[in-house]
Amino acid sequence: MARRGVYAPYSKFRVGAALLASSGKVYHGSNVENASYGLTVCAERVAFFNAVSAGERRFVAIAVVSDGAATPCGACRQVMAEFAPKLRILVAEAKRRGPVRTFLLDELLPSRFSL
Ligand code: THU
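Residues numbered from 1 in each chain as written. Predicted model: local features only at pLDDT ≥ 70, side-chain atom pairs only at ≥ 80, totals over all residues. Heavy atoms only, no water.

Undergrad: Explanation requested: the pairing of strand β5 (residues 99-104) in the structure shown.
TA: Within a regular strand, side chains alternate between the sheet's two faces. Direction of pairing for strand β4 (residues 88-93) relative to β5: antiparallel, over a ladder of 5 bridges. Looking at the pairing, Leu90 lines up with Thr102 of β5. Connecting the antiparallel pair β4 and β5 is a turn made up of 5 residues, with Gly98 showing a positive phi of about 85°. (Pairing = 2+ DSSP bridges. Helix = DSSP H or I, 4+ residues; strand = E, 2+ residues; numbered from the N terminus.)

Pasting the structure below:
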C-alpha cells in the first residue's frame, strides 16, 4: 500500500513511507525518480511534504518499507528533524510482516544542524 505510487524506473528500488501525524492521520509517500538522477526524491520526504503541505506540523512515527529494509538517508533525516525531533522510525522489509528495526531520530542523526 505505502509503495503504490513508486516511480523508480532507474534504480528499481521501491520505497514506501507511512507517516503518522499527531492529528492521527497517516500520510503516504513513495520515491519519485528522475532521468537527472540527483532530482530524485525519497519516499520519506514525499510523505513529509505531503503532510506538511496539508497543514500538519507535529508527527509521531514514520514506517519505511523497501526490499532491503533500508534506513532513511541523511537528507531525509534532516527533513524529519525540522518537524519531528523525537520521531520514531520503523524500518520494514517488504516480504516480512512487521518492522525489522525501530529507531529514534536522535539515534540516527545526533548533533544535527539547527538554527
Ligand atoms: N530511497 C528512498 O526513497 N528512501 C531512502 O531512505 C533511501 C533511498 C530511494 C531513492 C531512490 O529512488 C532509490 O531509493 C535508490 O536510492
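Undergrad: What exactly am I supposed to notice about the side chain of Glu33 here?
TA: Here Glu33 shows up in the loop between β2 (26-30) and α1 (43-53). Buried and without a salt bridge, Glu33 has Lys12 as its closest oppositely charged side chain, separated by 7.6 Å. A distance of 3.1 Å separates the side chain of Glu33 from the backbone nitrogen of Tyr10, its partner in a polar contact. (Buried < 20%, exposed > 50% of the residue type's maximum accessible area, 1.4 Å probe, protein only. Lys, Arg positive; Asp, Glu negative; His and termini not counted. Salt bridge = Lys/Arg side-chain N within 4 Å of Asp/Glu carboxyl O. Polar contact = N/O pair within 3.5 Å; in protein donor to acceptor, adjacent residues only side chain to side chain.)

Undergrad: What is the right way to read the site of the ligand from this model?
TA: Taken together, the residues surrounding the ligand are Ser11, Phe13, Val15, Asn31, Glu33, Thr40, Cys42, Ala43, Glu44, Thr71, Pro72 and Cys73. The side chain of Asn31 places a nitrogen or oxygen atom 2.9 Å from an oxygen atom of the ligand. Between Glu44 and the ligand, the recorded distance is 2.6 Å, taken from a side-chain N or O atom to an oxygen atom. Relative to its unbound accessible area of 370 Å², the ligand is 79% covered by the protein chains. A class-by-class count of the residues in the shell around the ligand yields 6 nonpolar, 4 polar and 2 charged. (Near = heavy atom within 4 Å. Areas by Shrake-Rupley, 256 points an atom, 1.4 Å probe, with all protein chains shown as cover. Nonpolar A, V, L, I, M, F, W, Y, C, P; charged D, E, K, R; others polar.)

Undergrad: Help me understand the sheet that holds β2, please; the structure alone is not making it clear to me.
TA: The strands that make up a sheet are held in pairs by hydrogen bonds between backbone atoms, and each pair lies either parallel or antiparallel. Taking strand neighbours across the sheet as the criterion, the 5 strands line up as β2-β1-β3-β4-β5 in an open arrangement whose pairing is mixed. The strands lining the two open edges of the sheet, one partner per strand, are β2 and β5. Strand after strand, the sheet turns through a mean of 20° between neighbouring axes, direction not considered. Alignment of strand β1 (residues 16-21) against β2, held across 5 bridges, turns out to be antiparallel. Bridge pairing links Ala17 to Gly29 in β2. Relative to the sheet, α1 contacts β1, β2 and β3 (59-66), its axis offset from that of β2 by approximately 140°. (Axes fitted to C-alpha atoms, helices over the stretch in contact; angles between N-to-C directions. Contact = heavy atoms within 4.5 Å.)

Undergrad: Explain the packing of α1 against helix α2 (residues 74-83) here, please?
TA: Geometrically, a packed helix pair is captured by the angle between its two axes and the distance between the axes. Closest axis-to-axis distance for the α1/α2 pair is 9 Å, and the angle between their directions is 25°. When the interaxial angle is binned, α1 and α2 end up roughly parallel. For the element pair α1 and α2, the recorded crossing hand is left-handed. Packed against α1, whose contacting residues are Glu44, Arg45, Phe48, Phe49 and Val52, the element α2 presents Ala75, Cys76, Val79, Met80 and Phe83 at the interface. Tallied by class, residues from the contact of α1 with α2 come to 8 nonpolar, no polar and 2 charged. (Parallel < 35°, antiparallel > 145°, perpendicular 65-115°, else oblique. Left-handed = near helix turned anticlockwise from the far one by under 90°.)

Undergrad: How should I be thinking about the nonpolar core in this particular structure?
TA: Nonpolar side chains in soluble globular proteins generally cluster together in the buried interior. Leu19, Phe48, Phe59, Ile62, Met80, Leu87 and Ile89 are the most contacted members of the largest nonpolar core, which has 26 residues in total. Breaking this core down by element, the ones donating at least two residues are β1, α1, β3, α2, β4 and α3 (105-108). For Leu87, the residues in contact, after removing those within four places along its chain, are Leu19, Phe48, Phe59, Val60, Ala61, Ile62, Met80, Phe103, Leu104 and Leu105. (Core = buried A, V, L, I, M, F, W, Y, C linked by side-chain atoms within 4.5 Å.)

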